[in-house]
Amino acid sequence: MTAADIERYRRNLQAEIEGVALYRTLSEVEPSPELATVYARLAETEERHAAYWRDKLREAGATGPEPGIGWRTRLLMWLARRFGPALVLPTVIGNEQSDSHKYDTQPDARGAGLAADERSHARLFRMIGRVTPSGVPGSAIAQFEGRHRAAGGNALRAAVLGANDGLVSNVSLVMGVAGADLAPRSILVTGLAGLLAGSLSMAMGEWLSVQSARELYEHQIAVEREELEAFPDEEIEELTLIFRSRGMDEAAARALAQRMTGDPAVALDTLAREELGINPEELGGSAWEAAISSFLLFAIGAIIPVFPYFFTGGLTAVGISLALTAVALFLIGAGITVITGRNALYSGLRQVAIGSAAALITFAIGRLVGVSMIG
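Residues numbered from 1 in each chain as written. Predicted model: local features only at pLDDT ≥ 70, side-chain atom pairs only at ≥ 80, totals over all residues. Heavy atoms only, no water.

A. Layout of the side chain of Q106. Tracing the chain through its elements places Q106 in the loop between α4 (85-99) and α5 (107-111). Here Q106 is in contact with R8, N12 and W53, once residues within four sequence places are set aside. (Helix = DSSP H or I, 4+ residues; strand = E, 2+ residues; numbered from the N terminus. Contact = heavy atoms within 4.5 Å.)

Encoded structure:
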């Protein structure tokens, strides 16, 4: 066994340990008993994989402390406990899909059946929407099929990007007017005005977006309700096709569809979820919550470059503003790797470079305009 083999064993053990911790957390917080059982089984499989790599390290005489859980996995676990598994589900699914072939080029892992297990995990997430003897709930089916699963990922992405928009747009504004050599008070007022204008614009846009989606969903459900009342036989056919696509045979699917149409509320709920891809209980979320969240997130980002001008001015304020902005940009860039899975240092520095370039360009333009006006 070479040093490269030992390092590979350690990396594999680290990944399996993190998988065990994450799936155990999801099993604990998942409200659906069926999905909680799925997560628990996945944790057991990952634990077997971890034991295999521990044995390989022991055979190689590679002693040392057990690898810990990385910050990205710890953050996903915290988010799942704090906000529910739906928030991290898109990231977990993406990770499983990307990891489905990680052992294909490792002969020892293939021989031990680990590669087959990983591919099975990926298939599980793709196929769990099909009807099983245990009966996976419709909400879980919708999550795993991708119809609603993007909501959690989008919420996290929107949070990061909302703060980033406020930060980059307002630091560019502040640097632009600072370059024109205006008084600190004027820069402060301009920065606060940019914060308020941007936050209100973001909030209004988010409210319109979510509210329009809710109204569209309500209209679609109303149309489906009318069709269920006017053409029950056609709706039975639609439900039959849905259940057959889940793996049920013709007779069982038709019998279940007929029983469902006997309860219009249940039939409508099923059609809304499975045919329209709409969760009738949520309808895309609250427009006001989305608006308030967007306002606050943009404002949090936008206040950072303005903050020094409450206490000082001149080049001192410019330097402090740029430094605070660089730190915030790095944290945002590193934070987005929870979704993307990229290297946190690379993403953070890339964010700093892009934001700094925007600030310096506007500062230079402001300086040119200021000098021109004075001349």
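What follows picks up the thread again.
B. Structural context of the pattern of salt bridges. Across all of its chains, the model carries eight salt bridges by this definition. Among the salt bridges present, the one from E47 reaches R24, with a minimum N-O distance of 4.0 Å. Residue E47 is located in helix α2 (residues 33-59), and its partner R24 is located in helix α1 (residues 3-29); the two are separated by 23 residues in the primary sequence. The class for E47 is partly exposed, based on a relative accessible area of 27%. Its salt-bridge partner being R54, residue E47 comes within 3.1 Å of it at the nearest N-O pair. (Salt bridge = Lys/Arg side-chain N within 4 Å of Asp/Glu carboxyl O. Buried < 20%, exposed > 50% of the residue type's maximum accessible area, 1.4 Å probe, protein only.)

C. Local environment of the layout of surface pockets. Here the second largest pocket defines a volume of roughly 510 Å³. Taken together, 24 residues form the lining of the second largest pocket, with A15, E18, N95, D99 and K102 sitting closest to its centre. When residues of the lining of the second largest pocket are assigned to their parent elements, the largest contribution, nine residues, is made by α1. In terms of residue class, the lining of the second largest pocket is built from six nonpolar, nine polar and nine charged. (1 Å grid on protein atoms, 1.4 Å probe; cavity = no way out; pocket = protein on both sides within 12 Å on 5 of 7 lines; lining within 4 Å. Points joined across faces, edges and corners; volume = space filled by probe spheres on them. Nonpolar A, V, L, I, M, F, W, Y, C, P; charged D, E, K, R; others polar.)

D. Highlighting the packing of aromatic side chains. As enumerated under the stated definition, the model contains nine aromatic pairs in all. Centre to centre, the rings of W53 and Y103 are 5.8 Å apart; their planes meet at 40°, and the pair counts as tilted. Taken together, the residues span a long stretch of sequence, with W53 in helix α2 and Y103 in the loop between α4 and α5 at a distance of 50 residues. Each member of the pair W53 and Y103 is classed as buried. On the basis of an interplanar angle of 80° and a centroid distance of 5.9 Å, the ring pair of W78 and F83 is categorised as edge-to-face. Site record: aromatic cluster; members linked through ring pairs are Y9, Y52, W53 and Y103. The ring of F83 is capped by R82, whose NZ or CZ atom sits 5.0 Å from the centre of that ring. (Phe/Tyr/Trp six-rings, centres within 6.5 Å; stacked < 30°, edge-to-face > 60°. Lys NZ or Arg CZ within 6 Å of the ring centre and 35° of its normal.)

E. Focus on a nonpolar patch on the surface. On the surface, a nonpolar cluster with roughly 560 Å² of combined accessible area is contributed by L192, F307, F310, F311, I320 and L324. Here F310 lies in the loop between α13 (287-306) and α14 (314-335). (Patch = residues over 30% accessible without salt bridge, like charges linked within 9 Å, V, L, I, M, F, W, Y side chains within 5 Å. Areas by Shrake-Rupley, 256 points an atom, 1.4 Å probe, with all protein chains shown as cover.)

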